[in-house]
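What follows is each chain in one-letter form.
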Amino acid sequence: AEGQVHGGVAQGIAQALFEQVNYDPSSGQPITANLIDYLIPSAPDMPNYTAGRITTLCPNNPLGAKGIGESGAVGSPPAVVNAIVNALSSFGVEHIDMPVTPEKVWRAMNGEKTMTTVRITINGTAQQHDVEDRTLLIHYIRENSRLTGA
């Protein structure tokens, strides 16, 4: 069981810091399609940590059994990202998207906002706008396409 928890924590740390699928903007082809380009950490990349657990039986089956591997994978990404945001709070950073790459940290420390080019076709009309990351689609449509939903 401890190995499952350790593997889950490693998977969550990788999700928070490394894992991202990138595409060629001109062709749409993935450029992180193999394990050379898509970073997956190995044991030496992981910090030392101790897993603890509290045993409680599941009331929904006769054995009282539960899954355990997901526990590390679910809790570790927000723990890592929250630690980074806390460390960057003196720079005014309140949020940073996963994966938290060194470039994103550097940009956040220097007050740079990350932008994404959005291409969308609405009613047959193609549109392209640069928007700040974390822009909700509904806000993008309302602000840039003059659609009110009424």
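These remarks concern the structure in this document.

Conventions used here
Every chain's residues receive numbers from 1 upward, in the order its sequence appears when written. Residues qualify for local features only when their pLDDT is at least 70, as the model is predicted, and side-chain atom pairs are given and counted only at 80 or more; totals for whole chains, interfaces and linings, by contrast, use all residues. Only hydrogens and water are set aside when side-chain values are computed; all heavy atoms of the structure are taken into account. Counting from the N terminus, the helices are the DSSP runs of H or I reaching at least four residues and the strands are the DSSP runs of E reaching at least two. Multiplying 1.5 Å by the helix residue count minus one yields the expected span of that helix. Bend, at a single residue, is the angle you get between axes fitted to the 7 residues ending at that residue and the 7 residues starting at it. Burial classes follow relative accessibility: with a 1.4 Å probe on protein chains only, a residue under 20% of its type's maximum area counts as buried, one over 50% as exposed, and anything between as partly exposed. In this analysis, two residues are considered to be in contact whenever any of their non-hydrogen atoms come within 4.5 Å of each other. Any two strands with at least two DSSP bridges between them are considered paired.

## Re unusual backbone geometry
So, step 1. A cis geometry characterises the amide bond from Met 98 onward to Pro 99, with omega recorded as -10°.
So, step 2. On the secondary structure map, Pro 99 appears in the loop between helix H2 (69-87) and helix H3 (102-109).

## Some thoughts on H2
So, step 1. Between the first and last C-alpha of H2 there are 28 Å, a value that for 19 residues agrees with the 27 Å anticipated at 1.5 Å per step.
So, step 2. Its maximal kink placed at Ser 76, H2 deviates by approximately 30°, while the proline Pro 77 follows within four residues.
So, step 3. Looking at H2, one finds that the buried residues are Gly 72, Ala 73, Ser 76, Pro 77, Val 80, Val 81, Ile 84 and Val 85.
So, step 4. Elements in contact with the buried residues of H2: helix H1 (2-17) and H3.

## Section: the pairing of strand E2 (residues 125-132)
So, step 1. The pairing of strand E1 (residues 115-122) with E2 spans 8 bridges and is classified as antiparallel. Paired with Val 118 across the strands is His 129, a residue of E2.

## Focus: H1
So, step 1. Over its 16 residues, H1 runs 23 Å from end to end, which matches the ideal 22 Å to within 8%, given 1.5 Å per residue.
So, step 2. The secondary structure elements touched by the buried residues of H1 are H2.

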